[in-house]
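Residues per chain are reported as follows:
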There are 2 protein chains.
Amino acid sequence: MLIQLDQLSPAQVYLTMIQTVIPRPIAWVLSENADGGLNLAPFSYFTSVSSDPPLIMISTGRKPDGNPKDTRVNVEQRSDFVVMIPHGALLEPMNASSVTLPAGESEVIRLGLETTPFEGSRLPRLADCRVAYACQRFEILEMGNAPQALIFGQVSALYVDDSIVGTDAKGRQKIHADRLDPVCRLGAGEYALLGEIKRLARPR
Amino acid sequence: MLIQLDQLSPAQVYLTMIQTVIPRPIAWVLSENADGGLNLAPFSYFTSVSSDPPLIMISTGRKPDGNPKDTRVNVEQRSDFVVMIPHGALLEPMNASSVTLPAGESEVIRLGLETTPFEGSRLPRLADCRVAYACQRFEILEMGNAPQALIFGQVSALYVDDSIVGTDAKGRQKIHADRLDPVCRLGAGEYALLGEIKRLARPR
């Protein structure tokens, strides 16, 4: 089947892309609004970008009313934000945090999620998360016609739960993907967990 | 465990990030060099960016010798490239295509992969792929100190194998994630396939 994207509406393009660029990692982003309230929202247009400096990127769209997403507003105002990688046990609250609340109403409070201080970060992290990145705004680029806001974050510190850290066959420190148990984002309303993990040698 | 990234080398930062920003989708990129040879390489610093226009982004680093990756050079020269989403049966050749060959030597030929014309694209796609995007260079941004080259591609046409297209519970066309069977990129040398797919309602 051939799909000509210029014959589709942006909403149809979106549906097509989220069903095919898979699996997507999820950035579960905690940010702070001007009143000190904590916002929490998941984004799956999300990638690592570079190691020097350590950069991640999240592409954010707009709310149904056309205004920028709260996360983008908060990162613009406050600079710092926290990105967490949700795991299987957090699937339901993570999905629930994608609700569009009035700006200023906190998903953290509404969902009854516990936060804990995050060393190396002014903002807290969710107590139950296994991986959290302390980020500062590196750059926000607008791109496209809507436009999307591409939030580039520089990662300063990384929390990794001790339960997912071990060693590999050669005794080197390793973060175990199966113990992290990350949620995979698929198409509309669909998620998955990881199946069997395969190890392949890098070709020479 | 707290990891202060500014105390790590870029190579250590990379190892930390690839083990935690997971699962990553894989852009298996076919591009053409100045001599008409086909280059094929996988990238997992890859995300959808926007729907209007349809944009994807791939962040590319450098070869061990410090030169830009062939994919970046080719996209800069030729503009058009093809991104495929590899599935489980293609895991071995996809991993093998990450080998660093001398520029001009084709991974497609070396691995004996079959190509086929791709309607809507000057370049072919791999005959066995289930999803392929015909892309044109939208922008290449350099970012960071190495620097990384962020290739933004505008997608014009999308090939979807008929075998993965069906309908959802409401009779609307749907691309089935389990039939696509995408490869998930994890940390060093590790891949996974999808586990059980879960469907959650969007919260209101």
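Residues numbered from 1 in each chain as written. Chains lettered and ligands numbered in written order. Predicted model: local features only at pLDDT ≥ 70, side-chain atom pairs only at ≥ 80, totals over all residues. Heavy atoms only, no water.

K.L.:
Just to check I follow, could you spell out the layout of surface pockets for this structure?
P.N.:
Gaps left between atoms show up when a probe the size of a water molecule is rolled over them. The space that makes up the second largest pocket amounts to roughly 1400 Å³. Around the second largest pocket, the lining is made up of 50 residues, and of these Arg202 of chain A together with Tyr14, Pro42, Arg62 and Lys69 of chain B lie nearest the centre. Elements supplying a minimum of two residues to the lining of the second largest pocket: strand E4 (46–51) of chain A together with helix H1 (10–20), strand E3 (38–43), strand E5 (54–60), helix H2 (70–78) and helix H3 (91–96) of chain B. Ranked by residue count, the leading element in the lining of the second largest pocket is E3 of chain B, at five residues. When its residues are assigned to classes, the lining of the second largest pocket shows 23 nonpolar, 16 polar and 11 charged. (1 Å grid on protein atoms, 1.4 Å probe; cavity = no way out; pocket = protein on both sides within 12 Å on 5 of 7 lines; lining within 4 Å. Points joined across faces, edges and corners; volume = space filled by probe spheres on them. Helix = DSSP H or I, 4+ residues; strand = E, 2+ residues; numbered from the N terminus. Nonpolar A, V, L, I, M, F, W, Y, C, P; charged D, E, K, R; others polar.)

K.L.:
Can you help me understand empty space enclosed by the protein in this one?
P.N.:
Residue and element names in this part refer to chain B. Counted according to the given criterion, the structure contains one cavity of 30 Å³ or more. As a volume, the largest cavity reaches approximately 40 Å³. What lines the largest cavity is simply Trp28, Leu90, Leu113, Glu114, Leu126, Asp128 and Cys129. A per-class count over the lining of the largest cavity returns five nonpolar, no polar and two charged.

K.L.:
Explain the nonpolar core here, please?
P.N.:
Generally speaking, nonpolar side chains in soluble globular proteins are found buried as a group. Within the largest apolar cluster, 74 residues are counted, with the highest numbers of intra-cluster contacts made by Val83 of chain A together with Val83 of chain B. When residues no more than four places from it in sequence are discounted, the contact partners of Val83 of chain B are Ala27, Trp28, Val29, Phe46, Ile56, Ile58, Val131, Ala132, Tyr133 and Cys135 of chain B. (Core = buried A, V, L, I, M, F, W, Y, C linked by side-chain atoms within 4.5 Å. Buried < 20%, exposed > 50% of the residue type's maximum accessible area, 1.4 Å probe, protein only. Contact = heavy atoms within 4.5 Å.)

K.L.:
Would you mind showing me how to read the packing of aromatic side chains here?
P.N.:
Ring pairs (aromatic) are described by centroid distance and by the angle formed between their planes. All names here are of chain A. Considering all chains together, one arrives at two aromatic pairs over all chains under this definition. Note on Tyr14 and Tyr45: the rings are 6.2 Å apart at their centroids and 45° apart in plane angle, and the pair reads as tilted. Here Tyr45 lies in the loop between strand E3 (38–43) and E4 and Tyr14 lies in helix H1 (residues 10–20), a separation of 31 residues in the sequence. The class of Tyr14 is partly exposed, set by a relative accessible area of 40%. (Phe/Tyr/Trp six-rings, centres within 6.5 Å; stacked < 30°, edge-to-face > 60°.)

K.L.:
I keep staring at the interface of chain A and chain B and nothing clicks. Help me out?
P.N.:
Accessible area lost upon the coming together of the parts serves often as the stated size of an interface. With 89 residues of chain A in contact, the opposing surface of chain B contributes 89 residues. Considering only the surface of chain A that becomes buried against chain B, Met1, Met143 and Leu200 of chain A emerge as the three largest contributors, covering 10% of it. One can count four salt bridges joining chain A with chain B. Among the salt bridges present, the one from Glu190 of chain A reaches Arg199 of chain B, with a minimum N-O distance of 3.7 Å. Viewed at the interface, chain B and chain A are joined by 36 residue pairs in polar contact (both at pLDDT 80 or more). Considering every element that reaches the side of chain A that touches chain B, the biggest residue donor is strand E14 (residues 190–199) of chain A, with 10 residues. Partitioned by chemical class, the residues of the side of chain A that touches chain B number 55 nonpolar, 19 polar and 15 charged. In this structure, strand E1 (residues 2–4) of chain A lies alongside strand E10 (residues 148–160) of chain B, joined through three bridges in antiparallel fashion. Paired with Gln4 of chain A across the bridge in E10 of chain B is Ala157 of chain B. (Buried area = accessible area lost by both parts, 1.4 Å probe. Salt bridge = Lys/Arg side-chain N within 4 Å of Asp/Glu carboxyl O. Polar contact = N/O pair within 3.5 Å; in protein donor to acceptor, adjacent residues only side chain to side chain. Pairing = 2+ DSSP bridges.)

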